[in-house]
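This is what each chain is made of:
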Amino acid sequence: MKFTRTGRHLNLNEGLIFERSSPGRTGYDLPRLDVPAVDLGAALGADNLREPIPGFPEVSEVDVVRHFTRLASWNYSIDAGMYPLGSCTMKYNPRLNERVAGMKGLAESHPLSPESLVQGSLEVLRLLADCLAEISGMDAVSLQPPAGASGELTGILMIRACLSSRGNPRRIVLIPDSAHGTNPASAVIAGYEVQSLKSDSRGCIDLNGLERAMNDEVAALMLTNPNTLGIFEQDIVSIARIVHDRGGLVYMDGANLNALMGITRPGSFGVDVLHINLHKTFSTPHGGGGPGAGPVAVKQVLEPFLPVPTVERREDRSYFLNWDRPDSIGKVKAFYGNFLTLVRALAYILANGAEGLREASQVAILNANYIKHHLRDVYDLPYDEPILHEVVFSSRRQTRNNLTVMDLAKRLMDYGFHPPTVAFPLIVQGALMIEPSETESRQELDQFIHAMRCIAEEADTDPDLLKQAPHSTRVSRLDEVQAARRPVLRWKPDEADEQDS
Ligand SMILES: *Cc1c(COP(=O)(O)O)cnc(C)c1O
């Protein structure tokens, strides 16, 4: 099984014209005017007319279709192949859920409609909140936050509100050094000081360290379980007890719920609040910054502080939006969150059922362990503990020849795979964080393992090949900072001018 692809390196400008505009070319055809022409200036008022936008691309239908089809084919997506980006859970999104989210009654439901006309949409929200409470073992859920990080902020603000109501919001949030970068950011935005907890030799929270750090200035411990090494915090019950005994609350980053669904519930091991990434575990395409959802689930202590409105049910079984919650932290997102992402999640949960969700977690865990088993003789495992849904290797054995973990990641593209997460978590030198998810087949996993083994060999025999990789993609090494900070994603008149000049 040899499938090395070493295509020629292609320059963007080589052979292909990016600018397709040609004066006078159009992509539309309007019927001949069959009413008298109107003077727009007179009808609308001259002030309401703008000058025609100069330099607007003039293209035909086929130009447009080819432009976007070509761009799409340069891209990599979960629909094209395995996307083992650790912590991000890039799993296949069943088309059934897209179908449901596209249903007219849901897709065209207006957020300002009177409650009596959108009982079905409200029922969808309520049912999803109840399902998530059941899956997580918590008491109440807000669906409003539009992302994981936004769920974190919502959760920490609720903790602040709860502790303030007891007289003192406290000052510090404890966060393990293996945490996702959004955790400290959320705590700081919510007005807390972050104190980092050093992981122990197993990659887990050190109970003694926590004992020492936990005092009555600490508002909360913010932990991820399974943590970002894919390891379940076995001492979680004792951890929660230590925090609760000193009057703190336990925040769990539940972005990785696909390792736990149907197997265990954060609500039963002492967590007071967690967020759930619907766009990771519950089937919404993500990666391009599109709409997501990071619902927060809470125990009763935090329920009064949930964002408004909550979706509730009256005696007569009708649904309504409850704004009458005096202790609420307020709104965290316009309307009720990203409704169609919520619809997809409910469709996914109902299509799988309890058994199906458990099986999804079991297979996600099995797949990660399969990769761990088949790569552990070539890549270093700095924390060799039992893992759940992801495995973190160190590339230090491969990067001796002046290579970086990025060179290995770039080379993986030549084998037809999206690279895994690299350089995170920070506690692993040259981290390769691999999360296959449950949607990959054994064949796909075998191909990935083969590619990773070939790359380990190339790192020894032909390091230059890796330094120059990828060799098969449309563009090779981009300026990653500019690509993230100043992406040019659509045509804008001033940029067209800039390009001309
Ligand atoms: C993805 C992720 C987040 C942040 O979620 P966003 O929706 O990207 O804001 C937080 N924590 C962990 C562990 C994650 O994997």
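All values derive from a computational prediction rather than experimental measurement. (Residues numbered from 1 in each chain as written. Predicted model: local features only at pLDDT ≥ 70, side-chain atom pairs only at ≥ 80, totals over all residues. Heavy atoms only, no water.)

A. Quick peek at the site of the ligand. The local shell around the ligand consists of Ser 87, Ala 147, Gly 148, Ala 149, Glu 152, His 180, Thr 182, Asp 253, Ala 255, Asn 277, His 279 and Lys 280. In the model, an oxygen atom of the ligand is placed 2.7 Å from a nitrogen or oxygen of the Ser 87 side chain. Protein chains bury 86% of the 380 Å² of accessible surface belonging to the ligand in isolation. For the shell around the ligand, the elements supplying multiple residues, two or more each, are helix 6 (148-165) and helix 10 (278-281). (Near = heavy atom within 4 Å. Polar contact = N/O pair within 3.5 Å; in protein donor to acceptor, adjacent residues only side chain to side chain. Areas by Shrake-Rupley, 256 points an atom, 1.4 Å probe, with all protein chains shown as cover. Helix = DSSP H or I, 4+ residues; strand = E, 2+ residues; numbered from the N terminus.)

B. Spotlight on the packing of aromatic side chains. Evaluation of the coordinates by the stated rule reveals 6 aromatic pairs. Both rings, one in Tyr 379 and one in Phe 393, keep their centres 6.0 Å apart while their planes meet at 50 degrees; by these two values the pair is tilted. With Tyr 379 in the loop between helix 11 (339-375) and strand 10 (391-394) and Phe 393 in strand 10, this residue pair connects regions lying 14 residues apart in the sequence. The exposure class assigned to Tyr 379 is buried, which follows from its relative accessible area of 0%. Between Arg 160 and the ring centre of Tyr 192, over which it is positioned, the NZ or CZ distance is 4.4 Å. (Phe/Tyr/Trp six-rings, centres within 6.5 Å; stacked < 30°, edge-to-face > 60°. Buried < 20%, exposed > 50% of the residue type's maximum accessible area, 1.4 Å probe, protein only. Lys NZ or Arg CZ within 6 Å of the ring centre and 35° of its normal.)

C. Representation of helix 2 (residues 61-74) in the model. With 14 residues, helix 2 should reach 20 Å at 1.5 Å per residue; the first-to-last C-alpha distance of 20 Å fits that figure. The set of residues buried in helix 2 consists of Asp 63, His 67 and Arg 70. The arc enclosing the buried residues of helix 2, seen along the axis, measures out at 75 degrees, which places them on a common side. Exposed side chains of helix 2 directed beyond 90 degrees from the buried face belong to Glu 61, Phe 68, Ala 72 and Ser 73. (Expected span 1.5 Å × (residues − 1). Arc of directions from axis to C-beta.)

D. Fine view of the sheet that holds strand 6 (residues 273-276). The strand order across the open sheet built from 7 strands is 1-7-6-5-4-2-3, with neighbouring strands paired in mixed fashion. Edge positions in the sheet fall to strand 1 (140-142) and strand 3 (193-197), since each of these pairs with one other strand and no more. With strand direction ignored, the average angle separating the axes of adjacent strands in the sheet is 25 degrees. The pairing of strand 1 with strand 7 (residues 296-298) spans 3 bridges and is classified as antiparallel. Counted as the bridge partner of Ser 142 is Val 296 from strand 7. Running over the sheet, helix 7 (residues 182-189) touches strand 2 (172-176), strand 3, strand 4 (218-224) and strand 5 (249-254) and is turned about 180 degrees from strand 2. Sheet strands touched by helix 9 (residues 236-245): strand 4 and strand 5. Its angle to strand 5, the strand with the most contacts, is close to 140 degrees. (Pairing = 2+ DSSP bridges. Axes fitted to C-alpha atoms, helices over the stretch in contact; angles between N-to-C directions. Contact = heavy atoms within 4.5 Å.)

E. Quick look at empty space enclosed by the protein. What the rule picks out here adds up to 2 cavities of 30 Å³ or more. Of the pockets and cavities examined, the largest cavity occupies roughly 50 Å³. Looking at the largest cavity, the residues that line it are Leu 229, Ile 231, Leu 381, Pro 382, Tyr 383, Ile 387, Val 391, Val 392 and Val 428. Split into classes, the residues belonging to the lining of the largest cavity amount to 9 nonpolar, no polar and no charged. By volume, the second largest cavity amounts to about 30 Å³. (1 Å grid on protein atoms, 1.4 Å probe; cavity = no way out; pocket = protein on both sides within 12 Å on 5 of 7 lines; lining within 4 Å. Points joined across faces, edges and corners; volume = space filled by probe spheres on them. Nonpolar A, V, L, I, M, F, W, Y, C, P; charged D, E, K, R; others polar.)

F. Highlighting the pattern of salt bridges. Inspection of the entire model under this criterion finds 26 salt bridges. Measuring nitrogen to oxygen at the nearest pair gives 2.7 Å for the salt bridge that ties Glu 98 to Arg 344. With a gap of 246 residues between them, Glu 98 in helix 3 (residues 95-101) and Arg 344 in helix 11 connect regions that are remote in the sequence. The partner of Asp 407 in a salt bridge is Arg 477, with the nearest N and O atoms 3.0 Å apart. Note that Asp 407 is positioned in helix 12 (residues 405-414) and Arg 477 in the loop between helix 14 (463-468) and helix 15 (480-485), a separation of 70 residues in sequence. The exposure class of Arg 477 is partly exposed, given its relative accessible area of 36%. Here the salt bridges do not stand alone but share partners, grouping Arg 171, Glu 193 and Glu 217 into one network. (Salt bridge = Lys/Arg side-chain N within 4 Å of Asp/Glu carboxyl O.)

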